[in-house]
Every structure is written in structure tokens, then in C-alpha cells.
Amino acid sequence: MKSISLYEEKNSTLNHLDSGCKMLYMVAAILVPALIGNKWANVAVIILSVFLLAISKVLRKTVPVLSVSGIVILTIVIIQGMFRAGNTTVVLQLGPAAFYKEGLLYSLGIALNVFNILLAICVLIFTTKPSDMVENFIEKGFSPRLGYVFISIFQIIPQMMETMNTITDAQRSRGMETEGSLLVRIKAFLPLISPVVMSSLVDTKERAIALEVRGFNAKTKKTFLNERKVTTTDKIINLLLIAAVLASVAWRVKLWLG
Amino acid sequence: MMGRLEIRDLHFSYTENEEILKGIDLVLDQQSTAIIGQNGAGKTTFVKLLKGLLQPTSGKIVYNGTDLSSMTVAQIAKHIGMVFQNPNDQIFKNSVIDEVMFGPMQVGMSKEEAKVHAMDALEMVGMEKKCKVNPYDLGLSERKLISIAAILAMDPEVIIFDEPTIAQDYAGKKCIGEIVEHLRNQGKLVLTIIHDMDFVAEHFDRAVVFAKGGVLLDGNPEKVFSRAEILEKAFLEQPNVTRLCHALGYEETFLTTDDFVEYKKGQ
Ligand SMILES: Nc1ncnc2c1ncn2[C@@H]1O[C@H](COP(=O)(O)OP(=O)(O)O)[C@@H](O)[C@H]1O
Ligand SMILES: [Mg+2]
């Protein structure tokens, strides 16, 4: 079955790191530049994230994420660069379109923030198994039911996509056109959607029974199949990350007071 | 018209680094043919190629002189019908008759024509009395028969079944076996992916064994099922009667109980 999870086992250093550690990295990577409030802090963290993604061999997987958001960012840059209130200094004249320094700088700030946040999230989700993350939360007292809902999204969506493909094939096999104009596609939709819904309902019922017979709702304290191993390295990294966040909080406070 | 499929050096892969079909050469006509092979051997992939649902990476499939790659899936559907493994993937109308008329109307039959074909098809599967029922009120085995009728009603020259006997009781199997033979006698080309070797022995003229993306054995069931060692290597077993008689020390290959009984009576 195709997986929609973006995680891929590459046996990299980050794969072996505890999931808590990577979650903390994501939080710190987003918080620290925001607290420091300096573009260069953003740039530094972006470089760090890119480095981490590269040594985990998943840098290429960020391309679709970055290119989609890149298009959105580009429109922001164009609109802010041309029309932002307070634009005075022209830096670029392309025919009738003038780009202003103030608007461009402002949108650069947005772009750096967005890319930083995206890359930080990528570091976490490209290198961490979703179920590891959820188990980590559940260990800390998060509800197993919600945890299950979260994990099952990763299973149910690919399953539905697969069912959808099979059903599309089955209907095309009966001479139905599923490709072509919008009208053709809409007409094709109904025969496709009702079997998908029906089979999802059946699947859901069976899944619920399967869970129940294995004691999902049992009230006893449960143990974990996969013991989490928090190594010394994990602990040191956690400490460094916390220190970085605290230091930037201190910096911010000092700025306020000063 | 007879359907004839020529498969020439057919290669296919889903992903770059794993070839699923590694050069298949087959001519399929007249004989009802069972495609057998271990899970993952590439049987479903093969029949999807025959339906135009997938495109060969190289090689070609020629249907009655026309290269399939020059036809759309909808055009192919007129000539080559396929019954999917799970009837739930196919059924979506609220009454059996509407469901069975959907395909014929898609391939250009008029409503009246479609109705005639649909009733004929329902009769062939023994479901003509259920034509007003909602398919979801039927059991799985009856729904399977509906999904078969839905393809038969389109009157294709080639009919492919993907594992038709799964989850069928004895009566259902018997009915499907009769359908296979009936279609063959009508001059249709019947192809069936199947794991039930007794069913193959009973109802098919030809068996093609797929293994690791190629054809391992091809011939009449007697010939194919006599090759116990090769079958074993492909993780397949002989029909029960064949195994029993072999274990009892008979030299001949018996495929069905009837074969053996006749032999014993003749002695
Ligand atoms: N949509 C797909 N994408 C990638 N690989 C697939 C897909 N469908 C099937 N396969 C792979 O192709 C091989 C053959 O599958 P299939 O044709 O379904 O075998 P069979 O029907 O003989 O059991 C299997 O190894 C399977 O994992
Ligand atoms: Mg299959």
C-alpha cells in the first residue's frame, strides 16, 4: 500500500534520534528566530534545518513543499513589492510595474518566516514515524483514542485512495469516461463516490470490531510494544535546545527592558 | 466475432527499479484460459494491461489486429469486459436492473437494447427474479453474480474474471463454472485469474502459470498439472484428485473425480 506518511526510513542519524527531541527542535526552530526578531536569525536556522535535512537524505522531499509555498510567497512578494502602503523607494522598474524597497523587505521577512517554519516542520515529519510521535504523546498522558484517530488518518487515507483507484478502474472498465471536460468528470463522479463511501463505512465498522476484540477500551494500564529509548545524546540535544529558547527569551526581555 | 489477443514481448513496471512483467508472449483465442500463479506474480497487472487500464512499458497487445494502445479504455470496454474481484467496487445503482443496464448504455446500446441484454445476462446468472431489488440488500455471493451480469450484458467478445470464486459457496462456484462454460460455448474468449485448482481442472481448456513476471507453464490443464515439481517451485498445488491419485501411485494424471471414476469403471 502506498503510504501518505512523508516519513521514510533512511537509517539516518535523525531517524534514530528520539521523536521528542525532534519535536523540541521544531518548536525551538520556530520560537528562537521569532523571539530574536532578526532576519539573520531566521537565515541561520534555515541553514541549520537544510543541513539537518541534507544529512538525513530527505532534502529532495522538501522540493514539492517549498515549490507550492514558493508560488504563494511569490504572489505576496509581487503584491507587497508593488502596492504596500508606505512604499516610497523604487528599486526595480519593469515596464509599468515598479517594485519598492519597503514592500520587498517586508515580504522578504514573511518569506523567511514561512520557509523557516516549513523547513522546521519538514525536519520533524520527514525523519519521524508518525506512530512514534503519537506513542510519545500517549506516554505523556495524551488520550490513546485521539492518538489512534491521528495515526489512523495515515492508514485510512491511502486505503481510501486505493479503493478510489480500484473503483475508478472498475467503472472505466464498463465504458465510463472519467477523463476529459469538467462535465465529463462531474458525470463520472457519482458512480465513483457511492461505492467508495459504502466500502469505507464497511471498513470502519470492521476496524472498530478489530480494535475492540483486542481490548482497545480496556481500563487497565497499558504497556508499550516499542520501548522508547532516550539516550544521553537525546538528553544533551534537548538541553541545548531548551537553553537556546531560554537564551532568546532572555534576549527579548533585555530588549524590552533596555 | 471471435476475440483474439496477441501479447508480444510485454514488459511492465510500476516503478523504475522493479519490473513486474518481464517479457510475456501469449496468443489467447477460443480456449477458455485460467491464469494461475502465486500472489504477487503479476496476474492482476497483466489483465489490467489487457483492459488498457495500464500501459505497457514496452511490447504490445494486439486485439483482433488492432494495437490496444491506439484505443481508449472506453473503446476497449466494448470488446473486452472484466469482472473485478470485489463486487462492491463496481456496484452503485439502487436497483439490480439499473446496475446491469449501466455498462451496455455506456458502450452505446439504446435503452431497449440494454434492457434486453441486461435481462438475458441476469437470467444467465439466475438472478432475473431479483431485478428490482437494491443490490446492497443482497449477500456478497449474489452481488458477485450481479457484477458478472453487469459485464455479460455489455456483450464483449472477451471476458476476464479476477478471482471469481473467492468467498463463493458451492452453489455459487457451480454457477460461475457454468457461466464460464456457457460463454465459451457461445464463442467468447474467457480468461480467469484463479487460485482454485479444482475449478481450473473442471472448467478450463488451458492453464497459464505466471511466476515472477513471466509465463512458467502453458498448456491444457492435464499437461500443466502433471508437472508437480515445477508447480511446487511456483508455490502452486495440483488439484486434489490429481494429488490423491499421484499419492496412490497412478501414473496417469487425473484432473477431476469424474475422470478417475470413468477410468476405474473402464478397467
Ligand atoms: N499500484 C501499484 N503500484 C506499485 N506496485 C504494485 C501496484 N499494484 C501491484 N503492484 C506490485 O506488483 C506486483 C504484482 O502484483 P499483482 O499484479 O497484483 O499480482 P497478483 O495479481 O498476481 O497477485 C506485486 O509485487 C505488487 O506489489
Ligand atoms: Mg491479483
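The structure this text deals with has already been given above.
Quick notes on the rules
- Residues numbered from 1 in each chain as written.
- Chains lettered and ligands numbered in written order.
- Predicted model: local features only at pLDDT ≥ 70, side-chain atom pairs only at ≥ 80, totals over all residues.
- Heavy atoms only, no water.
- Helix = DSSP H or I, 4+ residues; strand = E, 2+ residues; numbered from the N terminus.
- Rg over C-alpha atoms; globule rule 2.2 N^0.38 Å.
- Buried < 20%, exposed > 50% of the residue type's maximum accessible area, 1.4 Å probe, protein only.
- Contact = heavy atoms within 4.5 Å.
- Areas by Shrake-Rupley, 256 points an atom, 1.4 Å probe, with all protein chains shown as cover.
- Lys, Arg positive; Asp, Glu negative; His and termini not counted.
- Charge placed at Lys NZ, Arg CZ, Asp CG, Glu CD.
- Near = heavy atom within 4 Å.
- Polar contact = N/O pair within 3.5 Å; in protein donor to acceptor, adjacent residues only side chain to side chain.
- Expected span 1.5 Å × (residues − 1).
- Core = buried A, V, L, I, M, F, W, Y, C linked by side-chain atoms within 4.5 Å.

When helices and strands are counted, chain B shows 11 helices and 10 strands. Relative to a compact globule of 267 residues, whose C-alpha radius of gyration would be 18 Å, chain B shows 19 Å and is just as compact. If one aligns the C-alpha atoms of chain B with their principal axes, the spans along those axes are about 60 × 50 × 30 Å. Burial status across chain B gives 52% buried among its 267 residues. Within chain B, residue pairs in contact and separated by at least 24 positions form 64% of the contacts whose partners lie at least 6 positions apart. When the accessible area of chain B is evaluated, it comes to approximately 12,200 Å², of which 48% is carbon and sulfur surface. Across chain B, 28 positive and 39 negative side-chain charges occur, with their mean positions spaced 2 Å apart.

This brings us to the site of ligand 1. Residue and element names in this part refer to chain B. Neighbouring ligand 1 are Tyr 14, Ile 20, Gln 38, Asn 39, Gly 40, Ala 41, Gly 42, Lys 43, Thr 44 and Thr 45. A distance of 3.0 Å is found between an oxygen atom of ligand 1 and a backbone nitrogen or oxygen belonging to Gly 42. Within the contact set of ligand 1, an oxygen atom lies 2.7 Å away from a side-chain nitrogen or oxygen of Thr 44. Protein burial of ligand 1: of its 560 Å² of free accessible surface, 60% is covered by the chains. Top element by residues in the shell around ligand 1 is helix α1 (residues 43-50). It accounts for three residues.

With that out of the way, let us pick up helix α2 (residues 19-36) of chain A. All names here are of chain A. The terminal C-alpha atoms of α2 lie 26 Å apart, and with 18 residues this matches the ideal 26 Å at 1.5 Å per residue to within 8%. Within α2, the full set of buried residues consists of Ser 19, Gly 20, Cys 21, Lys 22, Met 23, Tyr 25, Ala 28, Ala 29, Val 32, Pro 33 and Leu 35. Against the buried residues of α2 lie α1 (13-16), α3 (39-55), α5 (101-127), α6 (130-139) and α9 (232-257). A positive backbone phi angle near 70 degrees is found at Gly 37, which sits one or two residues after α2.

Our focus in this paragraph is the nonpolar core. Within soluble globular proteins, side chains that are nonpolar generally end up buried alongside one another. Residues and elements named next belong to chain B. Judged by nonpolar contacts, the single largest core of 51 residues is most densely connected at Ile 36, Leu 122, Ile 148 and Phe 161. Looking at this core element by element, the count peaks at six residues for helix α5 (residues 140-152). Counting residues in hydrophobic clusters, the runner-up holds 33 residues, among them Ile 24, Ile 61, Val 158 and Phe 210.

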